[in-house]
Amino acid sequence: NAAVAIIGRYVYERGCANGKRVQSNMGAKNHAIVMPSADKASVVNALTGAAFGAAGQRCMAISAAVFVGGMGEYKDLLVEKAKSLKISAGYEKGTDVGPMISPEAKARAEKIIESASAQGASV
């Protein structure tokens, strides 16, 4: 996102100009680390909310989860949970995932899905 890069550079330059150490990720992916001892239901609910809340269109969406020791049964649990989400208009009662914010956002999501599929992901 160009706006994120502009702001990130500005923050970096201002901080450095004032002798500060700066880490400016400028659009980096947010990760969740899942430990083997984690409560499965809590993990599934947290990852689902982080990935699909606000239709995945917020800056703190989790775009990558790292499962220490392997994914195990999480894949099936996450797929089951995702399939159970109600997709509808955001104002309708019981809606879990509302619409994309713009045609451009929808096109971006479609491009990401196509890219994931091309890289071997099960879609």
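Computed from a predicted model, the values in this text were never measured in an experiment.

Overview of the overall build of the protein
Part 1 of the reasoning: Counting its regular elements, the protein contains 4 helices and 2 strands.
Part 2 of the reasoning: Going residue by residue from the N terminus, the α and β elements of the protein occur as α-β-α-β-α-α.
Part 3 of the reasoning: In terms of C-alpha radius of gyration, the protein reaches 17 Å, well past the compact-globule figure of 14 Å for 123 residues.
Part 4 of the reasoning: In terms of principal-axis extent, the alpha carbons of the protein reach across some 50 × 40 × 35 Å.
Part 5 of the reasoning: Scored against the burial criterion, the 123 residues of the protein give a buried share of 19%.
Part 6 of the reasoning: Sequence-distant contacts, at least 24 apart, represent 52% of the contacts inside the protein between residues at least 6 apart.
Part 7 of the reasoning: A total accessible area of about 9300 Å² is found for the protein, and carbon and sulfur atoms account for 57% of it.
Part 8 of the reasoning: Taken as two groups, the 15 positive and 10 negative side-chain charges of the protein have centres that lie 8 Å from each other.

Structural notes on a nonpolar patch on the surface
Part 1 of the reasoning: Together, I33, M35, V66 and V68 give the surface a local cluster of nonpolar side chains, amounting to about 330 Å² of exposed area.
Part 2 of the reasoning: You can see V66 is positioned in strand β2 (residues 62–67).

A short note on the packing of aromatic side chains
Part 1 of the reasoning: Inspection of every chain in the model, using the stated rule, returns 1 aromatic pair.
Part 2 of the reasoning: On the basis of an interplanar angle of 35° and a centroid distance of 5.1 Å, the ring pair of F67 and Y74 is categorised as tilted. Accessibility assignment for this pair places F67 and Y74 in one class, buried.

Regarding the pairing of strand β1 (residues 30–34)
Part 1 of the reasoning: Of the two faces of β1, only one is covered, namely that formed by N30, A32 and V34; the face formed by H31 and I33 stays uncovered.
Part 2 of the reasoning: Looking at chain direction, β1 and β2 are connected through 5 bridges and run parallel. Each residue of the ladder has a partner; that of H31, found in β2, is A64.

Calculation criteria
Residues numbered from 1 in each chain as written. Predicted model: local features only at pLDDT ≥ 70, side-chain atom pairs only at ≥ 80, totals over all residues. Heavy atoms only, no water. Helix = DSSP H or I, 4+ residues; strand = E, 2+ residues; numbered from the N terminus. Rg over C-alpha atoms; globule rule 2.2 N^0.38 Å. Buried < 20%, exposed > 50% of the residue type's maximum accessible area, 1.4 Å probe, protein only. Contact = heavy atoms within 4.5 Å. Areas by Shrake-Rupley, 256 points an atom, 1.4 Å probe, with all protein chains shown as cover. Lys, Arg positive; Asp, Glu negative; His and termini not counted. Charge placed at Lys NZ, Arg CZ, Asp CG, Glu CD. Patch = residues over 30% accessible without salt bridge, like charges linked within 9 Å, V, L, I, M, F, W, Y side chains within 5 Å. Salt bridge = Lys/Arg side-chain N within 4 Å of Asp/Glu carboxyl O. Phe/Tyr/Trp six-rings, centres within 6.5 Å; stacked < 30°, edge-to-face > 60°. Pairing = 2+ DSSP bridges.

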